[in-house]
Amino acid sequence: MRRATLLSTLVLILTSAFSQYDSSALIILDYDNPVKYKIGGIATHGNQFTDRNIILLMSGLYVGQTITLPGDELRIAVERLWNQSLFSDVEITLAGMKNDKIFLNIVVKERPRLSRWSIKGLRKSQTKDVNEAINLHKNQLITEDLLNQTRTSIQEFFYEKGYYGVTVKFTKELDPEKPNYEVLRIDVDRGKKIKVHEYVITGNEAINDRKIRAMLKPKQLKHKINIFASSKFVQDKLDETLPMIESKYKTMGYRDMKIVYDSVVRVEDDRVDVKIKIDEGNKYYFRNITWVGNTKYRSGLLDTILGIKEGDVYDQSKLEMRLYQNPTGFDVSALYMDDGYLFFNVNPVEVLVENDSIDLEMRIYEGKQATVNRVTVIGNDKTSDFVALRVLRTRPGDKFNRSDIQRSMRELAALGFFDPEGLDVRPKPNPANGTVDIEYVVVEKPSDQIEASGGWGGFTNSFVGTLGLTLNNFSTRKMFQKGGWNPIPAGDGQKLSLRAQSNGGQYTGYSFSFTEPWLGGKKPNSLSISLFHSIQSTFQRTEDRPKFKTTGATIGYGMQLRVPDDYFSLGFALTLQRYSLNNWNNFGAAELGFSNGYANNLSITTTLSRNSTDHPIYPSSGSSFTASVQLTPPYKAIGELFGKTYDYANMSPQERFEWIELNKWKFSGQWFLGFPKNAKRKFVLAPAIRFGMVGVYNDQIGYSPFEQFRVGGSGLSGFVLYGTDIVSQRGYADGRISDPLSGTNVLPIYSKYTLELRYPLTVGQSSTIYAHAFMEAGNAWAGFEYFDPFDVRRAVGTGVRLFLPMFGLLGIDYAWPLDPFQQGAGGEFHFFIGQQF
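So, a few notes on the structure that sits alongside this text. (Residues numbered from 1 in each chain as written. Predicted model: local features only at pLDDT ≥ 70, side-chain atom pairs only at ≥ 80, totals over all residues. Heavy atoms only, no water.)

Re the overall build of the protein chain
Stage number 1. Helix and strand counts for the protein chain stand at 14 helices and 38 strands.
Stage number 2. By residue count, 44% of the 837 residues in the protein chain fall in the buried class.
Stage number 3. Here the analysis covers contacts within the protein chain between residues at least 6 apart in sequence; of these, 60% occur between residues at least 24 apart.
Stage number 4. Carbon together with sulfur atoms contributes 53% to the accessible area of the protein chain, which is approximately 42,700 Å² in total. (Helix = DSSP H or I, 4+ residues; strand = E, 2+ residues; numbered from the N terminus. Buried < 20%, exposed > 50% of the residue type's maximum accessible area, 1.4 Å probe, protein only. Contact = heavy atoms within 4.5 Å. Areas by Shrake-Rupley, 256 points an atom, 1.4 Å probe, with all protein chains shown as cover.)

In structure tokens, the structure reads:
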């Protein structure tokens, strides 16, 4: 760095700049007698890109300023300009003087700017990634800081990939087309990828080397078992897993355990050993636990909830869980906070450590019971406030209750309008008046779904196209409001669904449904209406071509129960269906027994269900159960009560099924068990059972061909003609599970058992993806007398599920049958739309 010339000589000859002033006088600098001068003018030189006023501002000098010569003002000005890193050279010279005024020149040499850059030594894909990491852009000043920052960014990029010998070299070339611009050449040599050869662990006795190595990442190459686990050395990965060793020790009573050091030693060019020294310390046990400050609950009750006895291993994590956040909700904090004690606090204090025993004193501050003041929801840009507020369990005026908040969060997620991962709650306590405001934070997610699909299947073994639209957050109220269509009326939680299927002239089907989940707006009592119509025909062009028409309507009413608990709901549905046949001798005619005529199905279905799952798409706890019974009136029995007689032996199929008689029983249940407990991403074990049976009132009439079960495949069969339930069973073709005694695959009874192990690949607002492996077994029978729950067709397989808000749940599975119908039968691919089990 160059300093101002007037500081380095005693006598200065003034250079010419301000020609109207004396530019040939001598200034004699006397360090013993400094002289004050006033700045009469300042000129700048060499600044091609930097504005003159910016240079003056950065220097701190200004016209009219009084400076001392010799003095510090010009030295400080030079340093200030240099520290901006804009210039490679800075000097201040005298340009002229008049009386007591001096005139200055600020002469700078601007640093070169970046014209363009290139990276050598990497593959094309890596070059692109590195370009994004280094964050260079044109016109940047090329400084040492910029080069060092670029080098560091490149090295950190490759450190994450296990390359610790990265070298970065820079070459600068003048750009012939742009003065004071340079082209930067970056030469990168990754070196070899570094892998962990071995973890060398010392000082451990309570936990052996094998168990400690199992906790560590990356995995060592020596004695490596899992060939898919990465061994590339990444320091951040190691730093993340080392605390797991400490946590494990402390659950075993070693509260003083510490890792003395962990060091990395290179043993080969591409191999390192990681040395870990452990100081286990002593193993401790709980001894005396006393409670202080508790007036609401007696100490004995608190001891029971705490569940820690004298002689138990001293486990800090277990103590904290039993005091504050037990996943089961059975902890001391919940006991108080569920009774309004929001300001409750308990502080466990070690009052005595003697040999291997620790005495604890639980110091409790109970505080006053808090009352809920205001309850608000924010973030619901689309959903109306009342839709979110009506499902909350926290109400103004109620006592504060932590369990009510947790349940409210579940209910918000269950609506399906908000991202479960984005839900939050912010209690805002006011200790002065004993109240609390509760603010729920939600993040809207797309909830409407479009279905555009095609499949090969059905009884016609043909291609069927489907187009559907489901609006899960519809609003009839806004249909008639100004500005309510944006682009559709939405936000009131109603559900509207439209669906059409067709394969051209052979099959056409339409359906419509609407659900109001809070009929009247005061209680979660739902009202639903659905209409459906389909026409099955042939490709014949005759006026009297064969047709099979199905027309029906359903009206349903549902309510939430309080007993046994409010996870239960009860629903009723009244359904009327009419089947009309005209010259129908195609598939299905054999089961029906007639080709011209009609059949009617009037039934009432009662459904009892319970759902306590914690997530609508990827639950990791809770369960879901549904039991239903569908009943038609026993028309023939009623007629006989009123004196009517029937000739069952000579009754035609048309007479037999003019009004269908049946009773249909169905049950399904699924449990969700997530593990490990505190993991961010949990494995989930999901066992499930499903059962269905159709019964008859009159053995002389027998089973109706309607409302039975078709088991096998993915459950995506395009369409069926007469109310058959499609039950998926992976590993076998669609509808392939059949009873050899009956020779048909539409049967009145079935059972199915599933065991799935799931793992989430991603869970978020935009999509949820999880992979699973499964075992599945099931079968169908021609009657209850043939039913054997252990006579099943088994299969194993794996697959993946993808939930997209716009399209719902999609999936693909590959399953291998263990009990194939024919020798040499192979595995089956299955595609899914919607929830299956």
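Past the structure itself, the notes keep going.
Let's talk about the sheet that holds strand β4 (residues 66-69)
Strand-to-strand pairing in sheets goes through backbone hydrogen bonds, with the strands running parallel or antiparallel.
Stage number 1. Overall, mixed pairing links the four strands, which are arranged β4-β3-β6-β5 in an open sheet. Here the strands that pair on one side only, and so sit at the sheet edges, are β4 and β5 (87-98). Strand after strand, the sheet turns through a mean of 45 degrees between neighbouring axes, direction not considered.
Stage number 2. Here four bridges tie strand β3 (residues 35-45) to β4, and the two strands are oriented antiparallel to one another. If you follow Val35 over to β4, its bridge partner there is Leu69.
Stage number 3. Across the sheet, helix α1 (residues 52-59) is in contact with β3, β5 and β6 (101-110); its angle to β3 comes to roughly 145 degrees.
Stage number 4. Contacts from helix α2 (residues 73-82) reach β4, β5 and β6, with the element oriented near 150 degrees to β5. (Pairing = 2+ DSSP bridges. Axes fitted to C-alpha atoms, helices over the stretch in contact; angles between N-to-C directions.)

Description of the pattern of salt bridges
Stage number 1. Tallying each qualifying case throughout the model produces 37 salt bridges.
Stage number 2. Bridged by salt links that share partners, the residues Arg730, Lys752, Glu756, Arg758, Glu776, Arg801 and Asp813 form one connected network. (Salt bridge = Lys/Arg side-chain N within 4 Å of Asp/Glu carboxyl O.)

Digging into the packing of α1 against α2
Stage number 1. Two elements in contact, α1 and α2, have axes whose closest approach is 8 Å; the angle formed by their N-to-C orientations is 120 degrees. Accordingly, the angle class assigned to the pair α1 and α2 is oblique. In this structure, α1 uses Ile55, Leu57, Met58 and Ser59 to contact α2, whose residues at the interface are Ala77, Arg80 and Leu81.
Stage number 2. For the contact of α1 with α2, the residue count by class is five nonpolar, one polar and one charged. (Parallel < 35°, antiparallel > 145°, perpendicular 65-115°, else oblique. Nonpolar A, V, L, I, M, F, W, Y, C, P; charged D, E, K, R; others polar.)

Re the sheet that holds strand β15 (residues 357-365)
Stage number 1. Taken in spatial order, the three strands make up an open sheet running β13-β15-β14, and their pairing is mixed. A single partner strand is all that each edge strand has here, and the edge strands are β13 (285-292) and β14 (345-354). Each strand of the sheet is rotated relative to its neighbour by a mean of 25 degrees, with strand direction disregarded.
Stage number 2. Pairing of β14 with β15 involves nine bridges; the strand directions are antiparallel.

What to know about unusual backbone geometry
Stage number 1. Asn486 connects to Pro487 through a cis peptide bond whose omega is -10 degrees.
Stage number 2. Here Pro487 is to be found in the loop between β20 (462-474) and β21 (494-502).
Stage number 3. Following Val563, the chain continues into Pro564 via a peptide bond in cis, with omega recorded as 0 degrees.
Stage number 4. For Asn583, which is not a glycine, the phi torsion comes out positive at approximately 55 degrees.

Structural notes on the nonpolar core
Stage number 1. In this structure, Phe400, Leu412, Phe418, Leu423, Val436, Ile438 and Tyr440 are the most contacted members of the largest nonpolar core, which totals 24 residues.
Stage number 2. For this core, the secondary-structure elements that each account for two or more residues are β16 (371-378), α10 (385-389), α11 (402-414) and β18 (435-441).
Stage number 3. It is α11 that contributes the most residues to this core, four residues altogether.
Stage number 4. When sequence neighbours within four positions are dropped, the list of residues in contact with Phe418 reads Asn380, Thr383, Ala388, Leu412, Leu423, Val442, Val443, Glu444 and Lys445.
Stage number 5. Membership of the second largest hydrophobic core comes to 22 residues, among which are Tyr37, Leu74, Leu81 and Phe87. (Core = buried A, V, L, I, M, F, W, Y, C linked by side-chain atoms within 4.5 Å.)

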